[in-house]
Amino acid sequence: QVQLIESGGGLVQAGGSLRLSCVVSGRTLSMYDMGWFRQAPGKERRFVAAIRWSGRTYYADSMKGRFTISRDNAKNTVYLQMNSLKPEDTALYYCAATPLGPTVVPEDYNKWGQGTQVTVSS
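Values in this document were obtained by computation on a predicted structure and should not be read as measured data. (Residues numbered from 1 in each chain as written. Predicted model: local features only at pLDDT ≥ 70, side-chain atom pairs only at ≥ 80, totals over all residues. Heavy atoms only, no water.)

(A) Seen up close, the nonpolar core. Core analysis: the biggest nonpolar cluster contains 34 residues, and Met34, Trp36, Leu80, Met82 and Tyr93 have the highest contact counts within it. Elements represented by at least two residues in this core include exactly strand 3 (18-25), strand 4 (33-39), strand 5 (46-51), strand 7 (67-72), strand 8 (77-82), strand 9 (91-98) and strand 11 (116-121). (Core = buried A, V, L, I, M, F, W, Y, C linked by side-chain atoms within 4.5 Å. Buried < 20%, exposed > 50% of the residue type's maximum accessible area, 1.4 Å probe, protein only. Helix = DSSP H or I, 4+ residues; strand = E, 2+ residues; numbered from the N terminus.)

Quick look at the structure:
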């Protein structure tokens with residue numbers, strides 16, 4: 001049984017940074033392409049970033065230059081480094097795994113964590 005467990009969320013002031021972690025258990029991380037999504041209250045779940053098993057990365061346009069996705073296969077962990085945070089980045093952030101290659105479509109991911117809350121104050 002594959003489980004994804006996110007951590008690292010919290011309350012931060014605008015301009016600050018957070019690093020989210022997602023630990024994958026039950027299977028070897030290297031078998032999956034991984035993504036981060038976020039969902040604000042009353043809004044749809046939206047793509048943030050993805051990383052292939054090879055390490056190639058993909059970002060939503062609004063996150064380029066501020067967010068960095070990375071993975072440590074030896075630790076079965078995926079990270080999302082978030083810098084220059086803005087109040088509009090406030091959301092529940094989810095880690096997800098897909099066998100289909102990194103995509104921006106949530107429905108292509110078949111394993112999800114429970115999410116970690118990020119709140120950015122102005």
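(B) Layout of the sheet that holds strand 1 (residues 3-7). Taking strand neighbours across the sheet as the criterion, the 4 strands line up as 1-3-8-7 in an open arrangement whose pairing is antiparallel. In this open sheet, the two edge strands, each paired with only one partner strand, are strand 1 and strand 7. Ignoring which end each strand starts from, the neighbouring axes of this sheet average 15° apart. When strand 3 meets strand 8, the two strands line up antiparallel, connected through 6 bridges. Looking at strand 8, one finds that Ser21 is bridged to Tyr79. (Pairing = 2+ DSSP bridges. Axes fitted to C-alpha atoms, helices over the stretch in contact; angles between N-to-C directions.)

(C) Fine view of the pairing of strand 8. With 5 of 6 residues buried, strand 8 lies mostly within the body of the structure. In this structure, strand 7 lies alongside strand 8, joined through 6 bridges in antiparallel fashion. Across the sheet, the residue bridging to Ser70 is Tyr79, located in strand 8. Here strand 7 folds back onto strand 8, and the loop between the two strands holds 4 residues, one of which, Asn76, carries a positive phi near 55°.

(D) Spatial organisation of the side chain of Thr98. Looking at the secondary structure, you find Thr98 in strand 9. In this structure the side chain of Thr98 is engaged in a polar contact, spanning 3.0 Å, whose partner is the backbone nitrogen of Leu100. Filtering out sequence-adjacent residues up to four positions away, Thr98 remains in contact with Tyr32, Asp33, Asp108, Tyr109 and Asn110. (Polar contact = N/O pair within 3.5 Å; in protein donor to acceptor, adjacent residues only side chain to side chain. Contact = heavy atoms within 4.5 Å.)

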